[in-house]
Amino acid sequence: MKKKYLKIGTVVLFTFLGLGNLSAQQKVKKNDFGNPPLTHYLNDEHTRSISLSGYAEAWARYTQLNPGSMINDQEKSETSDLSLRRIRLKLTYKPTEKLTFVLQGGATNINSNQKGANNFELLDAYGEYKFSDAIQIGAGRSTWRGLSRFTTGPLNTLLYDLPAYATSNAGITDATVRELSAYVKGQVGKFDYRVIIADPYTNLMADPKLNVATVSRNATNKDYSGYFRYAFFDTENISSPFNSGTYNGSKKVLSIGAGFDYIHNLMWHKDDTGTTQNDDMKNFAVDVFYDAPINKDKGTSISAYAMAMHNDYGPNYVRYVGTNNPATGVNAANGSLNGAGNAMPIIGTGNTYYLQVGGTLPYFNKEKSTLQLQPAGSIQLSDLKGLKDNAVIYDAGISLLFNKMSSRLTFDAQNRPIFTNEGGNAVATDRKWQFVLKYRIDIS
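Predicted, not measured: the structure shown is a model, and the values here were computed from it.

**Q** Just to check I follow, could you spell out the overall build of the protein chain for this structure?
**A** Along the backbone of the protein chain there are one helix and 23 strands. Taking 22 Å as the expected radius of gyration for a compact globule of 444 residues, we find that the protein chain reaches 22 Å, a close match to that expectation. For the protein chain, the spread of C-alpha atoms along the three principal axes comes to 70 × 50 × 45 Å. Of all 444 residues assigned to the protein chain, the portion counted as buried reaches 47%. Here the analysis covers contacts within the protein chain between residues at least 6 apart in sequence; of these, 66% occur between residues at least 24 apart. Carbon and sulfur atoms form 58% of the exposed surface of the protein chain, whose accessible area is close to 20300 Å².

**Q** What am I meant to see in the packing of aromatic side chains here?
**A** Any two aromatic rings considered together are summarised by their centre-to-centre distance and by the angle between their planes. Enumeration over the complete set of coordinates arrives at 14 aromatic pairs. Their ring planes at 20° and their centres at 6.3 Å tell us that Phe191 and Tyr193 sit as a pair that is stacked. When its relative accessible area of 32% is taken as the criterion, Phe191 is described as partly exposed. Take Tyr193: its relative accessible area is 16%, and that puts it in the buried class. With centroids separated by 5.1 Å and ring planes inclined at 80°, the aromatic side chains of Tyr230 and Phe232 adopt a geometry described as edge-to-face. By relative accessible area, which is 38% here, Tyr230 ends up partly exposed. In this structure an aromatic cluster arises from ring pairing among Tyr62, Phe411, Trp433 and Phe435. Just above the ring of Phe289 sits the side chain of Arg149; from NZ or CZ to the centre is 3.7 Å. Over the ring of Phe233 we find Lys252, and its NZ or CZ is 4.3 Å from the ring centre.

**Q** Explain the pairing of strand β8 (residues 136-142) here, please?
**A** Pairing of strand β7 (residues 121-130) with β8 involves six bridges; the strand directions are antiparallel. Pairing of Lys130 across the sheet is with Gln136, part of β8. What sits between β7 and β8 in their antiparallel hairpin is a turn of five residues.

**Q** It is not clear to me how empty space enclosed by the protein should be interpreted in this structure. Could you clarify?
**A** With a probe scaled to a water molecule rolled over the atoms, the places where space remains empty come into view. Counted under the stated rule, the structure contains four cavities of 30 Å³ or more. Reported here for the largest cavity is a volume of approximately 70 Å³. Looking at the largest cavity, it is lined by 14 residues, and the ones nearest its centre are Arg145, Thr151, Ala166, Ser168 and Asn169. Grouping the amino acids of the lining of the largest cavity by side-chain chemistry returns six nonpolar, five polar and three charged.

**Q** Can you walk me through the side chain of Ser148 in this structure?
**A** Among the structural elements, Ser148 can be located in the loop between β8 and β9 (179-188). In this structure the side chain of Ser148 is engaged in a polar contact, spanning 2.7 Å, whose partner is the side chain of Thr151. In contact with Ser148, not counting residues within four places along its chain, are Tyr227, Ala285, Asp287, Tyr305 and Met309.

**Q** How should the environment of Gln187 be read in this particular structure?
**A** Locating Gln187 in the fold gives a position in strand β9. Residues Gln187 and Ile238 lie 51 residues apart in sequence; the distance between their C-alpha atoms is 7.8 Å. Side-chain polar atoms of Gln187 contact the backbone oxygen of Glu236, separated by 3.0 Å.

**Q** Can you walk me through the sheet that holds strand β3 (residues 69-71) in this structure?
**A** Sheets are built from strands paired through backbone hydrogen bonds, the pairs being either parallel or antiparallel. The strand order across the open sheet formed by three strands is β4-β3-β17, and the pairing between neighbours is antiparallel. For this open sheet the edge positions go to β4 (74-75) and β17 (329-330), each flanked by a neighbour on one side alone. The pairing of β3 with β4 spans two bridges and is antiparallel. Among the inter-strand pairings, Met70 is bridged to a residue of β4, identified as Glu75.

**Q** Sorry, what's going on with the environment of Pro67 here?
**A** Its location among the elements puts Pro67 in the loop between β2 (49-64) and β3. Taking relative accessible area as the criterion, Pro67 reaches 28% and is therefore assigned partly exposed. A C-alpha to C-alpha distance of 48 Å links Pro67 and Gly34, two positions 33 residues apart in sequence. In contact with Pro67, other than residues within four places in its own chain, are Val330, Asn334, Gly335, Ser336, Gly339 and Ile418.

**Q** Sorry if this is basic, but what is going on with the side chain of Arg85 here?
**A** Following the sequence through the fold, Arg85 ends up in strand β5 (residues 78-94). Look at Arg85 and you get buried, because its relative accessible area is 7%. Within polar-contact distance, the side chain of Arg85 engages the side chain of Asn109 at 2.6 Å. Those residues in contact with Arg85 that lie beyond four places of it in its chain are Glu57, Trp59, Ala107, Thr108, Asn109, Asp161, Thr323 and Asn324.

**Q** Would you explain unusual backbone geometry in this entry?
**A** Among all residues except glycine, the phi angle is most often negative; among peptide bonds, the trans geometry is most common. Here the phi dihedral of Leu204 falls at roughly 55°; this positive angle occurs in a residue that is not glycine. In this model, Leu371 sits at a positive phi of 55°, which is unusual for a non-glycine residue. For Leu371, the position within the fold is in the loop between β19 (350-360) and β20 (372-384).

**Q** Explain the pattern of salt bridges here, please?
**A** Opposite charge on two side chains allows them to pair when their charged atoms are near. Scanning the entire structure with this criterion turns up 21 salt bridges. Between Lys438 and Glu57 there is a salt bridge, with its nearest N and O atoms 3.7 Å apart. Here Lys438 is found in strand β23 (residues 425-443), whereas its partner Glu57 is found in strand β2, with 381 residues between them in sequence. Across the pair, Glu57 and Lys438 agree in class, each one buried. Put simply, Arg86 and Asp161 hold a salt bridge, and the shortest N to O gap is 2.8 Å. One end of the pair, Arg86, is in strand β5; the other, Asp161, is in the loop between β8 and β9, with 75 residues separating them in the sequence. Judged by its relative accessible area of 7%, Asp161 falls in the buried class. Through salt bridges with shared partners, one network takes in Glu57, Arg85, Arg86, Asp161, Lys438, Arg440 and Asp442.

Calculation criteria
Residues numbered from 1 in each chain as written. Predicted model: local features only at pLDDT ≥ 70, side-chain atom pairs only at ≥ 80, totals over all residues. Heavy atoms only, no water. Helix = DSSP H or I, 4+ residues; strand = E, 2+ residues; numbered from the N terminus. Rg over C-alpha atoms; globule rule 2.2 N^0.38 Å. Buried < 20%, exposed > 50% of the residue type's maximum accessible area, 1.4 Å probe, protein only. Contact = heavy atoms within 4.5 Å. Areas by Shrake-Rupley, 256 points an atom, 1.4 Å probe, with all protein chains shown as cover. Phe/Tyr/Trp six-rings, centres within 6.5 Å; stacked < 30°, edge-to-face > 60°. Lys NZ or Arg CZ within 6 Å of the ring centre and 35° of its normal. Pairing = 2+ DSSP bridges. 1 Å grid on protein atoms, 1.4 Å probe; cavity = no way out; pocket = protein on both sides within 12 Å on 5 of 7 lines; lining within 4 Å. Points joined across faces, edges and corners; volume = space filled by probe spheres on them. Nonpolar A, V, L, I, M, F, W, Y, C, P; charged D, E, K, R; others polar. Polar contact = N/O pair within 3.5 Å; in protein donor to acceptor, adjacent residues only side chain to side chain. Salt bridge = Lys/Arg side-chain N within 4 Å of Asp/Glu carboxyl O.

If you want it as structure tokens, here you go:
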């Protein structure tokens, strides 16, 4: 089996080495590295093509672990580790001006505690037909989702990663933020939209609990979501499901968006009489994104994002998640409500507010327009019904951009709350730090 994958990979690699050479001969626009993109055009008008893209993200990290966290059979209070957060390789094929097919594979959260669980796997496989700019339809397995700007996953993030609330259902109703779905999207002037109907996966199901919602064991209903946005200045590209976290001043963007995500009877709980009640998942969000140059000659820019989200999963639902978790388990006798590793409350029934601000500083070398710093910071406040205290998460970081956003080194410091059960109430009793040094390189 391994030999088979090696042969396939070798064929793909050498094919696109050839395609890159062909592209270079056609005087196409160069990427951030000054090289021609890995695109081969199938006609003289450059309207039909086949292209290869992707990226890789590596982390070096120090984490103050949640109480009771275990690594193998040893209880640990802190750890340092290396990991591959994401690896992606995407093939985009446009055989006609109207038809696009996307095939993407990758691996996620490869760290020393996963012990071979992460293989290079199929992530996206979907086709799209463009009737006009206003109406485009697609179907397959993809990250086309609604709700908020960052629900679909990462692209040009200001900090080390997207805020965890944005992909809060990851691993519950999807697989690596993917679902089998059909969608309609389009752009009319300054307005763009996406509406999706999906078959959600059924993960992390549990028996009903008293006055605390959990994911139901019943058959799952359709997942309906949408996102609607208006741009006051420059419009944004909607060919991909991903939305940019910053343009580093290459555009002037001010957009206002609103979205929803709904699944009938996704959750359930037992009421005071012991009767099982079904609960709908009903999520709504509004957000504002601003990105603009300050001084184009110096390379300075500003970027800001604000979001308010209302989530209803049923009574007292709280989800604790540890991104790329370095721990393998938790000693329940010494543990907190957070659970193992770096887990924290990232979503639940209630309201979540998020603010992120950053920007680029002047180029180190103005003549070459390379090397610049990009500081950023964020705060997330979640007022959840299942927590007595608000959950507040802080992030602050700075990136060194080697070739704009296509090659960058990011340092991030994150401070998270620790919740414990005191008299039946979830109370914030402590805080822990996580420090991440991330390098990302894009393939384009």
